[in-house]
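In case you want the letters, here they are:
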Amino acid sequence: MSAKEKIFEKLILISAVVSVAAVALITVFIFSSGMPAIKETGVAGFITGTDWSPTNGQFGILPLIAGTLAVTALALLIGIPAGVGCAVFLAEITGEKTARIFRSAIELLAGIPSVVYGFFGLVILVPVIRNVFGGSGFSIIAGGIILAVMILPTIVSISANSISSVPSEFREASLSLGADRRETIMKVVLPAAKSGIFSSIILGMGRAIGETMAVLLITGNVAKMPEAVTDPVATLTGTIAMEMPYATPQHQQALFGIGIILFVIIVLLNGTAQLIMKRFGGAGS
Amino acid sequence: MNNTKTKFEIKDLDLYYGDFQALKKVGIDIYEREITALIGPSGCGKSTFLRTLNRMNDLIPGTRIEGQVKFDNKDIYDKDTDVIGLRKKVGMVFQKPNPFPKSIYDNITFGPRIHGIREKNRLDKITESTLKEVGLWNEVKDRLNKSAMGLSGGQQQRLCIARCLAVEPEVLLMDEPTSALDPVATSRIEALLQDLAKKYTIVIVTHNMQQAGRVSGYTSFFLTGEIIETGLTEKIFSVPENKKTEEYISGRFG
């Protein structure tokens, strides 16, 4: 091997090490900063405590978990039918030309900074909700709707790809047996594409859980257990962003504790998505 | 082998893909409970013709059809034709075995379920009888709930035939059903075709002239979108009337 090649190989190795090291460092940092707080209240107390009042030294994050889960669930409730429906439209119904226009429009959604979504929600959505449902308008509904739009690109593009890669032989077989187009899509194409669709949903869910700025602006940031979809909530990520600047050392540790919980959730979700991809393979196999 | 009832009556059939004319004035009668083989070199229009018989060409944009395709004396290209009902009666087996990525049981019962059969009992019976008809029952009866993708190519193709039979068709269209299979699997399918011809009308496209000779009662020779010659298989293969047919059969081109 020539010297040049050796140097090249080493450089590649270094860049690989850098990215892995970054993940490792962040992991170590989050866990070392957050574990003391979790230990103090105990894992169960930390996760199931319903009182989040840092000024009184109460660090129960259940209201924050509930807030995150509520906006995420609503986002999925809206985003899954809209996203999968759109993917079916792009991959199965419309012509290539229209599909290309739609696709670039949807991919553009992914490029909009999240603070812009938040701002849009703040000036348009929150007032509408206030007028329709009463209350402040800062609510689970507002967060759920904005998040639904934000996870659309993930769901649509991955689902559409996986639907497009279903071999046309399956469609032909179905149609030749006397199935119509709807039956072919519902009973043959979508089941064959299910691994990609499930993965897209889980990745979208990860995006929704991790999203900070947009939900922070429109959910009201009230760390109380929500009782209705019109209630304001605080999310895990939003709370970290809001409170970190003025947090006392103990409070800061608790915020890092939230970071640990988020970290674990995201790792589990990504693992699940990969497992689904592997278990069921690509379309058709 | 003397002809019975005419199942399909095709006259002056022209088919265009955009500006390209793929079929020219095709005319042929297809007889009930006979095997009709369509032979000819690649691109001669035989597969295209096969797909006009269950209107699978409808799926290709830019396809235009003129002329007449009568099935049981009704033109299937009439405006009021029930295409779904037609495809139920005229099943199709494809070149590459294409079972759904579902269980063997779900593959067989897909058609019947689509057409409204829900009772588990009936579906079970259909599964058993069709799998027996294609000689697959003993090989798969213990793993009906396993994926069909785990079967060998030959088994998959027999499963696809069984899947067609499950909707109780009258005609089976086969588009080079053995070209992706090894010789042993091919001869099993050929033997199966002989059995099936007692009950069903079969139209088979094949590249393999020995196959046409072995299995079919009637043969049509296609060339560049036209039928050059049609007749009893034994006659086509022994004393063809047209010089081009003779050249193709004796292997001088194709």
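Placed above this text is the structure.
Residues numbered from 1 in each chain as written. Chains lettered and ligands numbered in written order. Predicted model: local features only at pLDDT ≥ 70, side-chain atom pairs only at ≥ 80, totals over all residues.

1. Some details on the overall build of chain B
Point 1. On a plain count of helices and strands, chain B comes out with ten helices and ten strands.
Point 2. On C-alpha atoms alone, chain B measures out to a radius of gyration of 18 Å, which is about the 18 Å that the 2.2 N^0.38 rule sets for 254 residues.
Point 3. Long-range pairs, those at least 24 residues apart, make up 68% of the contacts in chain B with a sequence separation of at least 6. (Helix = DSSP H or I, 4+ residues; strand = E, 2+ residues; numbered from the N terminus. Rg over C-alpha atoms; globule rule 2.2 N^0.38 Å. Contact = placed C-beta atoms within 7 Å.)

2. Description of the sheet that holds strand E7 (residues 171-175) of chain B
All names here are of chain B.
Point 1. The six strands lie next to each other as E6-E7-E8-E3-E9-E10, forming an open sheet whose pairing is mixed. Both outer strands of the open sheet, strand E6 (90-93) and strand E10 (226-232), are each paired with one neighbouring strand and no more. On average, each strand axis in the sheet is tilted by 15° relative to the strand beside it, whichever way the strands run.
Point 2. In this structure, strand E3 (residues 35-39) lies alongside strand E9 (residues 218-223), joined through four bridges in parallel fashion. (Pairing = 2+ DSSP bridges. Axes fitted to C-alpha atoms, helices over the stretch in contact; angles between N-to-C directions.)

3. Describing the sheet that holds strand E5 (residues 74-75) of chain B
Residues and elements named next belong to chain B.
Point 1. If you trace the four strands from one edge of the open sheet to the other, you get E2-E1-E4-E5, paired in antiparallel fashion. Looking along the sheet, the strands with just one partner apiece sit at the ends: strand E2 (20-31) and E5.
Point 2. In the sheet, strand E1 (residues 6-17) pairs with E2 via eight bridges, with the strands oriented antiparallel. Residue Thr6 lies in a different strand from E2, and its bridge partner there is Tyr31.

4. Some points on the packing of helix H6 (residues 140-164) of chain A against helix H9 (residues 194-210) of chain A
Residue and element names in this part refer to chain A.
Point 1. With their axes 8 Å apart at the nearest point, H6 and H9 run at an angle of 155° to one another. Considering the angle they form, H6 stands roughly antiparallel to H9. Crossing angle aside, the handedness with which H6 passes H9 is right-handed. Contact residues: H6 offers Leu147, Met150, Ile151, Thr154, Ile155, Ile158, Ser159, Asn161 and Ser162, while H9 offers Gly196, Ile197, Ser199, Ser200, Ile201, Leu203, Gly204, Arg207 and Ala208.
Point 2. Counted by class, the contact of H6 with H9 contains nine nonpolar, eight polar and one charged residues. (Parallel < 35°, antiparallel > 145°, perpendicular 65-115°, else oblique. Left-handed = near helix turned anticlockwise from the far one by under 90°. Nonpolar A, V, L, I, M, F, W, Y, C, P; charged D, E, K, R; others polar.)

5. Digging into the pairing of E6(B)
Residues and elements named next belong to chain B.
Point 1. Residues Val90 and Met92 point to one face of E6 and Gly91 and Val93 to the other, with burial holding for every one of them.
Point 2. Here E6 runs beside E7; their pairing, made up of four bridges, is parallel. From the neighbouring strand, Gly91 faces E7, where its bridge partner is Leu172. (Buried ≥ 20, exposed ≤ 12 C-beta atoms within 10 Å, placed from the backbone.)

6. Focus: unusual backbone geometry
Residue and element names in this part refer to chain B.
Point 1. Although it is not a glycine, Arg55 sits at a positive phi angle of roughly 60°.
Point 2. Along the polypeptide, Arg55 turns up in the loop between helix H1 (46-52) and strand E4 (63-71).
Point 3. Overall, the presence of 21 C-beta atoms within 10 Å leaves Arg55 in the buried class.
Point 4. The backbone phi angle of Thr224 is positive, close to 40°, even though this residue is not glycine.

7. Topic: the environment of Arg181(A)
Residues and elements named next belong to chain A.
Point 1. Along the chain, the position of Arg181 falls in helix H8 (residues 181-192).
Point 2. Accessibility expressed as a C-beta count within 10 Å gives 14 for Arg181, which makes it partly exposed.
Point 3. On a C-alpha basis, the gap between Arg181 and Ile93 in space is 9.4 Å, while along the polypeptide they are 88 residues apart.

8. Looking at the environment of Leu144(B)
Residue and element names in this part refer to chain B.
Point 1. Tracing the chain through its elements places Leu144 in the loop between helix H5 (137-140) and helix H6 (153-165).
Point 2. By C-beta crowding, Leu144 is classed as partly exposed, having 19 other C-beta atoms within 10 Å.
Point 3. Separated by 61 residues in the primary sequence, Leu144 and Val83 place their C-alpha atoms 31 Å from one another.
Point 4. Not counting the four nearest positions on each side in its chain, Leu144 is found in contact with Ser103, Ile104, Tyr105 and Thr127.

9. Considering the environment of Ala99(A)
All names here are of chain A.
Point 1. Topologically, Ala99 is positioned in helix H4 (residues 96-111).
Point 2. The spacing of Ala99 and Ala87 is twelve residues in sequence and 9.5 Å in space, taken between C-alpha atoms.
Point 3. Those residues in contact with Ala99 that lie beyond four places of it in its chain are Leu90 and Thr94.

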